[in-house]
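# A look at the structure
Residues per chain are reported as follows:
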Amino acid sequence: VDAPPPPPEWVWPRDGEALEVETTEGDVTAWQPAEVVAVLQDGWFQARIGHGDQAWSDWFTWQEEGTDWRRPPPKARASQAARSVAAASQGGEGA
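Read on for a plain summary of the structure. (Residues numbered from 1 in each chain as written. Predicted model: local features only at pLDDT ≥ 70, side-chain atom pairs only at ≥ 80, totals over all residues. Heavy atoms only, no water.)

## Description of the nonpolar core
Note the cut-off: To define a nonpolar core, start from buried Ala, Val, Leu, Ile, Met, Phe, Trp, Tyr and Cys residues and group those joined through side-chain atoms within 4.5 Å. Only protein chains enter the area calculation, which uses a 1.4 Å probe; residues under 20% of their type maximum are buried, those over 50% are exposed, and those in between are partly exposed. A run of H or I in DSSP counts as a helix once it spans at least four residues, and a run of E counts as a strand once it spans at least two, with each numbered from the N terminus. We call two residues contacting when some pair of their heavy atoms lies within 4.5 Å.
Core analysis: the biggest nonpolar cluster contains 11 residues, these being W10, L19, V21, A34, V36, F45, A47, I49, F60, W62 and W69. Within the residue set of this core, elements represented by two or more residues are β1 (18–25), β2 (28–39) and β3 (44–49). With three residues, β3 is the largest single contributor of residues to this core. The contacts of I49, once residues within four sequence positions are left out, are V21, T23, Q32, P33, A34, Q54, A55, W56, S57, D58 and F60.

See the structure below:
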């Protein structure tokens with residue numbers, strides 16, 4: 001499925017960027033932590049959702065921002081970046 005190109009002012013997600021993805025399990029809808037793992041030039045990107053053995057990947061477009069995915073508030077992004085730095089200093093993710 002082709003998506004129209006994003007508007008010029010839209011900020012592209014970057015590899016490794018923290019996002020949140022809306023998930024539904026049964027009757028419960030929640031925002032789950034995710035990480036961008038691939039960005040395509042046509043506006044599509046892939047995110048890894050969740051952690052460890054329960055993680056999965058899905059594709060999104062710029063048009064789904066705010067409905068299927070969102071950027072966490074700046075404070076959440078800063079704390080997640082700090083956790084990533086701490087994990088890297090302790091031998092990497094998943095160690």
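## Quick word on the packing of aromatic side chains
As a reminder of what qualifies: Only centres within 6.5 Å qualify two rings of Phe, Tyr or Trp (six-membered ring in Trp) as a pair; their planes then separate them into stacked at under 30 degrees, edge-to-face at over 60, and tilted for everything else.
Applying the stated criterion to the full structure yields five aromatic pairs. Centroid distance W10 to W12: 5.4 Å. Interplanar angle 65°. Geometry classified as edge-to-face. Here W10 falls in the buried class, since its relative accessible area comes to 11%. Assessed through its relative accessible area of 32%, W12 is described here as partly exposed. Taken together, W10, W12, F45, F60, W62 and W69 form an aromatic cluster joined through their ring pairs.

## Some points on the pattern of salt bridges
Basically, it comes down to this: Salt bridge, as used here: a side-chain nitrogen of Lys or Arg that lies within 4 Å of a carboxyl oxygen of Asp or Glu.
Evaluation of the coordinates by the stated rule reveals five salt bridges. We note a salt bridge from R70 to E20, for which the minimum N-O separation is 2.4 Å. One end of the pair, R70, is in strand β5 (residues 69–70); the other, E20, is in strand β1, with 50 residues separating them in the sequence. Take R70: its relative accessible area is 31%, and that puts it in the partly exposed class. Since its relative accessible area comes to 17%, E20 is described here as buried. Two residues, R48 and E35, come together in a salt bridge whose shortest N-O distance is 2.9 Å. With a gap of 13 residues between them, R48 in strand β3 and E35 in strand β2 connect regions that are remote in the sequence. The class of E35 is partly exposed, set by a relative accessible area of 22%. Salt bridges sharing partners connect three or more residues here, namely R14, E17, E65 and R71.

## Notes on the pairing of β1
As a reminder, the rule being used: The pairing criterion is simple: DSSP has to find at least two bridges between the two strands.
Relative to β2, β1 runs antiparallel, the two being bridged by eight bridges. Within β2, the position partnered with T24 by the bridge is T29. Here β1 runs beside β5; their pairing, made up of two bridges, is antiparallel. In the strand pairing of β5, V21 is matched with W69.

This is a description of form; function is not addressed.
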